[in-house]
Amino acid sequence: MHTVEKIGGTSMSRFSELMDTILIGDRSGEELYNRIFVVSAYGGITNLLLEHKKTGEPGAYARFANAESESAWREALAEVKARMVEINRELFGDTDERTQADAFITQRIGDVEAIMSNLEELCSYGHFQLDDHLMKVREMLAAIGESHSAHNSVLALRKAGVNARFVDLSGWDQEEPLAFDDMIEQSFADIDVSREMPIVTGYTHCKEGLMRTFDRGYSEMTFSKIATKTGAVEAVIHKEFHLSTADPGIVGLDNVVTIGRTNYDVADQLSNLGMEAIHPKAAKGLRQQEIELRIKNAFEPDHAGTVISTDYCSAKPCVEIIAGRSNVFGIEIFDQDMLGEARYDIELSRLLHELKLYVVNRDSDANSITYFVAGNRKMVNRAVRLISEKYVSAEVAMHKVAIVSAIGSDLKVPGILAKTVSALAAAGISVQALHQSMRQVEMQCIVNQEDYEPAVRALHHALIEQEDHGDVICAA
C-alpha cells in the first residue's frame, strides 16, 4: 500500500521546506515509509546543463553540440559544477554530508568532462561524426542533475534519522542499457518500501532512450513507470501551486479555488495547451491500471489537492478550469483547389511535424485550413514560406493569436456557448474562431494575442465565479 511521489525542480530548490512538509514533517517511525520519491534536478540546473528551456540560452550541451570552442563548453560545465557546489554548501554547511556531496558531484562532472573531451578528439577524424553521439551526451549531462539532487536528498534524510536509499537510474556504472521496464523492475527488486524510503533519479537510462522521445519530460515517464511497475496505490505530483480553476496570477488569488477532483480527459486537454498536470503518455499507464493521480501543493501538506481519476465525472455539468496558451500562431491556407482534396491536410500536417511545430488545434471549411501551432517563430515563418512555395495558387497568411479554453469533465452546460460569447463580447474581445467537440470536455476560443489575459478573466468570471461550484470542485 505505497505511493509514488514526484517532486519538481522548483520545489526541490526549497528543500529545507520539503523536509518540514512532505518528506518528514510530523511523521515518525513507520509513517515515514511506504513512499517512493522521484526527484527532478534543482531549479535552473538542467538549463545550465543543456540549454535554457524558455530563452534557448546555451548550456554545456548546446555549446558542445554547436561545435563552439572547447573552452566554451568546459566553462559552461565549470559553471554548473560551481552552482551545484554552492547548493551543497547551502544545504549542508560545513559538515561531513557536504564533503560527501561535493565528492560525488566532482566525480560525476569529471567523468562526463573526460568523455566529452575524448569524443571531441575522436570526432576530429573523418570516420566519426559528432552528430551520431550527441543524444548520448545530452542524456549523460541531464542525468547529472537528477543524480545530484537525489544523492543530496538521501544524505539529508539519513542525517535526520530516515532510512533513505539512493536509487540511481542514470545507468552511470552500467555496462549496457536495459529495457525501460527491466531497469525499473531490477532496481526495485530488493527494496522494502515499508522499511526504507527510496529517493529515485527522475532520469532513467534505458534502451528506448527517454530523451529521444520525451526530451525534458522524462521524469514524468520515470514516475509513471515506477507507479505501474511497483503497484502503487496512488501517484502524487508535488508542485509549488495547486491545480486551480485558473492562473491566480491572471484572475487573482482570491478568485480561484482548487479543482479538487477531475479526470484524465481534462489532464490531457491541459497538456495540449502546454499546462501539463502530467504528460499524456505518462498518464496512459496510470489510466490503464486505474491508479489515481493526486496533484498537491508541496508547501501545503494538509491540503488534499486535486485527484485525477479514470472515471470521475462532476456531480453536475460545469466548467472546472479556464486555461489557455498565449503564444500561438494561426497559419491560414486558402486554395480554391482544396475542395474535396484530403491530401492537403495530410501533406500540411506532415510538413508541420517535420518542422517540429506543435499543432494545438485546426479548423477547416470547403477551401481553407487553419492550423493553430506553437513553436519557434523562425520555424513558423519557414512553414509559411514552404507552404507558399508548394501551393503556388494558395493564399497563405499567418496570425498571432491566443487560445483560451473552458475545460471540464462534463461540459454539457445548457447555454454555455451563448454565455461564453456574451462574456467575451461584454469585455470587448473579438472571437476569431470557436471549437467545441462532441466529447464535451473542452471549448476553445481563438482570440487576438493581446486579448489573452482579459479573455481568461472574462470567462473565469462568467463560467466559474458566477456559478455555484461549492459542492462540485472545492474539495477532493
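The shown structure was predicted, so the numbers you read here are calculated from the model rather than taken from an experiment.

A. Molecular detail of the confidence of the model for the chain. Residue-level pLDDT values for the chain average 90, and 97% of them are 70 or greater. Counting contacts from residues 470-476, a segment whose pLDDT is below 50, to residues more than four positions away or on other chains yields 22 contacts.

B. Examining the pattern of salt bridges more closely. A full pass over the atoms with the stated rule returns 25 salt bridges. Taking the shortest distance from any N to any O, the salt bridge between D192 and R195 comes out at 3.4 Å. On the basis of relative accessible area, D192 is assigned to the partly exposed category, the value being 32%. By relative accessible area, R195 is classed as exposed at 61%. Of the charged contacts in the structure, one is a salt bridge between E341 and R343, with a shortest N-O distance of 3.4 Å. The class for E341 is partly exposed, based on a relative accessible area of 37%. By relative accessible area, R343 is classed as partly exposed at 37%.

C. View of the nonpolar core. Of all hydrophobic cores here, the largest spans 106 residues; its most connected members are L141 and L293. Here this core takes 11 residues from helix α7 (residues 134-159), the largest share from any one element. Setting aside chain neighbours within four positions, we find L141 in contact with L49, L50, A60, Y61, L77, V112 and M116. I250, I322, L424 and I429 belong to the second largest nonpolar core, which has 25 residues in total.

D. Region of the structure containing a nonpolar patch on the surface. On the surface, a cluster of nonpolar side chains totalling about 260 Å² of accessible area is made up of L417, V421, V431 and L434. The set of elements that each furnish at least two residues to the nonpolar patch consists of α16 (416-426) and β13 (431-436). Relative to the helices and strands, V431 resides in strand β13. V431 gets classed as partly exposed once you look at its relative accessible area, which sits at 31%.

E. Broad picture of the pairing of strand β9 (residues 321-334). Judged from the 12 bridges that link them, β9 and strand β12 (residues 395-407) form a sheet pairing that is antiparallel. Bridging from a neighbouring strand, I321 pairs with I407 of β12. Relative to strand β11 (residues 368-374), β9 runs antiparallel, the two being bridged by 6 bridges. Within β11, the position partnered with G330 by the bridge is F372.

F. Examining the packing of aromatic side chains more closely. Across all of its chains, the model carries 4 aromatic pairs by this definition. Judged by centre distance (5.5 Å) and plane angle (90 degrees), the ring pair of F64 and W73 falls under edge-to-face. As far as burial versus exposure is concerned, F64 and W73 are alike and both buried. Considering the side-chain rings of Y344 and Y391, the 4.9 Å spacing of their centres and the 25 degrees angle between planes classify their relative orientation as stacked. One end of the pair, Y344, is in helix α14 (residues 343-354); the other, Y391, is in the loop between α15 (377-390) and β12, with 47 residues separating them in the sequence. Given a relative accessible area of 2%, Y344 falls into the buried group. Since its relative accessible area comes to 6%, Y391 is described here as buried. The ring of F299 has R14 sitting right over it, with the charged end atom 3.6 Å from the ring centre. Against the face of Y391 rests K390, its NZ or CZ located 5.8 Å from the ring centre.

G. Structural context of the sheet that holds strand β6 (residues 261-263). In spatial order, the strands read β3-β4-β2-β1-β5-β7-β8-β6; together these 8 strands make up an open sheet with mixed pairing. Each of the sheet's edge strands pairs with one partner strand only, and the pair in question is β3 (164-167) and β6. Across the sheet, the mean angle from the axis of one strand to that of its neighbour is 25 degrees, orientation sign disregarded.

H. Summary view of the pairing of strand β7 (residues 292-297). For β7, a buried count of 5 out of 6 residues is recorded, marking the element as mostly surrounded by other parts of the structure. Note: strand β5 (residues 234-239) against β7, 6 bridges, orientation parallel. Among the inter-strand pairings, A235 is bridged to a residue of β7, identified as L293. Alignment of β7 against strand β8 (residues 306-309), held across 3 bridges, turns out to be antiparallel. Each bridged residue has a counterpart across the sheet, and for I295 the counterpart in β8 is T306.

I. Examining the environment of A374 more closely. Turning to its location among the elements, A374 is positioned in strand β11. With 49 residues separating them along the chain, A374 and R325 place their C-alpha atoms 8.7 Å apart. In contact with A374, other than residues within four places in its own chain, are R325, N327, L357, Y358 and V360.

J. Inspection of the environment of L463 at higher detail. Following the sequence through the fold, L463 ends up in helix α17 (residues 452-465). Linking L463 and T204, residues 259 residues apart in sequence, is a C-alpha distance of 42 Å.

K. Layout of the sheet that holds β13. Here 6 strands make up an open sheet; going across it, the order is β10-β11-β9-β12-β14-β13 and the pairing antiparallel. In the strand order of this sheet, the two ends are held by β10 (358-365) and β13, each with one partner. On average, each strand axis in the sheet is tilted by 30 degrees relative to the strand beside it, whichever way the strands run. As defined by bridge partners, β10 adjoins β11 across 7 bridges and the pair is classed as antiparallel. By the bridge assignment for β11, V359 is matched with V373.

The rules behind the values
- Residues numbered from 1 in each chain as written.
- Predicted model: local features only at pLDDT ≥ 70, side-chain atom pairs only at ≥ 80, totals over all residues.
- Heavy atoms only, no water.
- pLDDT = per-residue confidence, 0-100.
- Contact = heavy atoms within 4.5 Å.
- Salt bridge = Lys/Arg side-chain N within 4 Å of Asp/Glu carboxyl O.
- Buried < 20%, exposed > 50% of the residue type's maximum accessible area, 1.4 Å probe, protein only.
- Core = buried A, V, L, I, M, F, W, Y, C linked by side-chain atoms within 4.5 Å.
- Helix = DSSP H or I, 4+ residues; strand = E, 2+ residues; numbered from the N terminus.
- Patch = residues over 30% accessible without salt bridge, like charges linked within 9 Å, V, L, I, M, F, W, Y side chains within 5 Å.
- Areas by Shrake-Rupley, 256 points an atom, 1.4 Å probe, with all protein chains shown as cover.
- Pairing = 2+ DSSP bridges.
- Phe/Tyr/Trp six-rings, centres within 6.5 Å; stacked < 30°, edge-to-face > 60°.
- Lys NZ or Arg CZ within 6 Å of the ring centre and 35° of its normal.
- Axes fitted to C-alpha atoms, helices over the stretch in contact; angles between N-to-C directions.

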